[in-house]
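# A structural walkthrough
The lines below spell out each chain.
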Amino acid sequence: FNVVGIFDQSSETAKEVATEFDVPVAYTSLEDLLGDPQVEIVDIAVPAPFQPAIAHKVIASGRSLLCQKPLAVTFQDATGIVAAAESANVKIAVNQQMRWAPSIATAHSFIESGLLGEPVASTIDVNILTRWGAWPWLVVNDHLELMYHSIHYQDATRYLFGMPDRIFTSGGKFPGQPENAETRTLTVFEYGSGLTAMVRSNQWNWTREQHAIFRFEGSEGRIEGTLGLLYDYPHGRPDTIRYLSKLLRTDDWFDVVVEDLWIPDAFVGPMASLMQAIQTDGIPVTSARDNLDTLRTLFASYRSMETHRVV
């Protein structure tokens, strides 16, 4: 990727990063960045409440853009970004990079090839300690675990199995936690096919026994493993993946050799997909239009949690 320049509201930070990574220009303003004809794609990396205003400026300049997740903190703001981009014929993708994490990318290829048969059950079970103080603005936020962490698992579940028909989410806090919002959630997606997909995420496990595992089960096979990044975040370790299928005419498990990491390797995916879409006049894998469905499940989860009912 050819990074031609960067901008940050802290000019000193921008200059330091530009020097460290040999980036040619540290712009003094967003307007300077958008005025540079060398800039073809703008990668926005700011807290979600500030993203829509910047996105609309980038769209107005005619540039394609990569936005962070969540695309916006309200569905109205998210649809506004999508509508503006489509009206301007601008390509826009969202950085839901878990789709390119080795575990999810491999599982997707196996499911598409039919190794699972008919999908029956999906489980993502994460029980870790996340030190949210690394992002002070998140500690005081009114939404936390679902909007800034489990959104990955909801998007990945959609990528693997499609949109659910019904959602139920239960969640809450731990006594004495410094965070303002939820740090533990349990979400169930129900599908008309009979598939049940569960995401259990506890971000306040202070014990040394922590795990991040997944299981995808079907009528003909099973895929399971670990999300390596979460065992020593942010350094992480490679995912583990193994699978078996009746279609292979053996009861033996097969191990997948994994070398790439969710961070940083999966981050290639959204930007490369966006660039490919620009080159071929196609649609990015994590297009903003597609991401609206992830936001639908996210906001349905919050509604479910608040009203204690299935949505």
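A brief structural summary. Here the structure is a predicted model, which is why all the values come from computation and not from measurement.

### Considerations on helix α4 (residues 75–87)
In this model α4 runs 18 Å from its N-terminal to its C-terminal C-alpha over 13 residues, within 8% of the 18 Å that 1.5 Å per residue would give. Taken residue by residue, α4 has Ala78, Ile81, Val82 and Ala85 as its buried positions. The arc enclosing the buried residues of α4, seen along the axis, measures out at 95 degrees, which places them on a common side. Looking at α4, the residues exposed on the side facing more than 90 degrees away from the buried face are Gln76 and Ser87. On the buried face of α4, the contacting elements are α3 (51–60), β3 (92–94) and α9 (288–307).

### Overview of the pattern of salt bridges
Two side chains with opposite charge may pair up if their charged atoms get near one another. In total, this model carries 14 salt bridges according to the counting rule given. Of the charged contacts in the structure, one is a salt bridge between Arg200 and Asp125, with a shortest N-O distance of 2.9 Å. Placement of the pair is Arg200 in strand β7 (residues 196–202) and Asp125 in strand β4 (residues 119–127), with a sequence separation of 75 residues. Residue classification places Arg200 among the partly exposed residues on the basis of a relative accessible area of 31%. Among the residues examined, Asp125 registers a relative accessible area of 14% and is labelled buried. Salt bridges sharing partners connect three or more residues here, namely Arg215, Glu217, Arg222, Glu224 and Arg242.

### Some words on α9
Under the 1.5 Å per step criterion, the end-to-end length of α9 is 28 Å for 20 residues, consistent within 8% with the ideal 28 Å. His308, located one to two residues past α9, shows a positive phi value of around 60 degrees.

### Overview of the side chain of Thr294
Note on placement: Thr294 falls in helix α9. Thr294 sits in the buried class, given a relative accessible area of 0%. Ignoring sequence-local partners within four residues, the contact set of Thr294 consists of Gln96, Ile151, Gln154, Asp155 and Arg158.

### Here we look at the packing of helix α7 (residues 145–161) against α9
Two elements in contact, α7 and α9, have axes separated by 9 Å at closest approach and are oriented at 120 degrees. It follows that α7 is oblique to α9 by the angle criterion. The hand of the α7/α9 crossing is right-handed. Along the contact surface, α7 presents Leu146, Met147, Ile151, Gln154, Asp155 and Arg158, while α9 presents Asp290, Asn291, Asp293, Thr294, Leu295, Thr297, Leu298, Phe299, Ser301, Tyr302 and Met305.

### Description of the sheet that holds strand β2 (residues 64–67)
With respect to topology, 3 strands assemble into an open sheet ordered β1-β2-β3, the strand pairing being parallel. Strands at the two margins of the open sheet, each flanked by one partner only, are β1 (41–43) and β3. This sheet shows a mean twist of 15 degrees between the axes of neighbouring strands, independent of strand direction. Relative to β2, β1 runs parallel, the two sharing 3 bridges. Following the sheet pairing, Val42 is matched in β2 by Leu65.

### Observations concerning the layout of surface pockets
Estimated volume of the second largest pocket: approximately 210 Å³. Taken together, 13 residues make up the lining of the second largest pocket; nearest its centre are Glu86, Val90, Lys91, Ile92 and Pro284. Of all the secondary-structure elements, those providing two or more residues to the lining of the second largest pocket are α4 and α9. It is α4 that provides the largest number of residues to the lining of the second largest pocket, a total of 3 residues. In the lining of the second largest pocket, the residues fall into 7 nonpolar, 3 polar and 3 charged.

### Brief notes about the nonpolar core
Core analysis: the biggest nonpolar cluster contains 39 residues, and Leu65, Leu71, Leu295 and Leu298 have the highest contact counts within it. Mapped onto this core, the elements with two or more residues apiece are α2 (30–34), α3, β2, α4, β3, α6 (136–139), α7 and α9. The element that contributes the greatest number of residues to this core is α9, accounting for 7 residues. Once you skip the residues sitting within four places of it in the chain, Leu295 turns out to touch Pro70, Leu71, Ala72, Phe75, Ala78 and Ile151. Ranked by size, the runner-up nonpolar core spans 34 residues in total, among them Ile167, Leu195, Val199 and Ala266.

### Re the pairing of β7
Summarising the sheet, β4 and β7 pair through 7 bridges and their orientation is parallel. Paired with Asn127 across the two strands is Asn202, which belongs to β7. Summarising the sheet, strand β6 (residues 184–190) and β7 pair through 7 bridges and their orientation is antiparallel. For Arg184, the partnering residue across the bridge sits in β7 and is Asn202.

Reading the values: rules and limits
- Residues numbered from 1 in each chain as written.
- Predicted model: local features only at pLDDT ≥ 70, side-chain atom pairs only at ≥ 80, totals over all residues.
- Heavy atoms only, no water.
- Helix = DSSP H or I, 4+ residues; strand = E, 2+ residues; numbered from the N terminus.
- Expected span 1.5 Å × (residues − 1).
- Buried < 20%, exposed > 50% of the residue type's maximum accessible area, 1.4 Å probe, protein only.
- Arc of directions from axis to C-beta.
- Contact = heavy atoms within 4.5 Å.
- Salt bridge = Lys/Arg side-chain N within 4 Å of Asp/Glu carboxyl O.
- Axes fitted to C-alpha atoms, helices over the stretch in contact; angles between N-to-C directions.
- Parallel < 35°, antiparallel > 145°, perpendicular 65-115°, else oblique.
- Left-handed = near helix turned anticlockwise from the far one by under 90°.
- Pairing = 2+ DSSP bridges.
- 1 Å grid on protein atoms, 1.4 Å probe; cavity = no way out; pocket = protein on both sides within 12 Å on 5 of 7 lines; lining within 4 Å.
- Points joined across faces, edges and corners; volume = space filled by probe spheres on them.
- Nonpolar A, V, L, I, M, F, W, Y, C, P; charged D, E, K, R; others polar.
- Core = buried A, V, L, I, M, F, W, Y, C linked by side-chain atoms within 4.5 Å.

No statement about biological role is implied by the geometric values presented.
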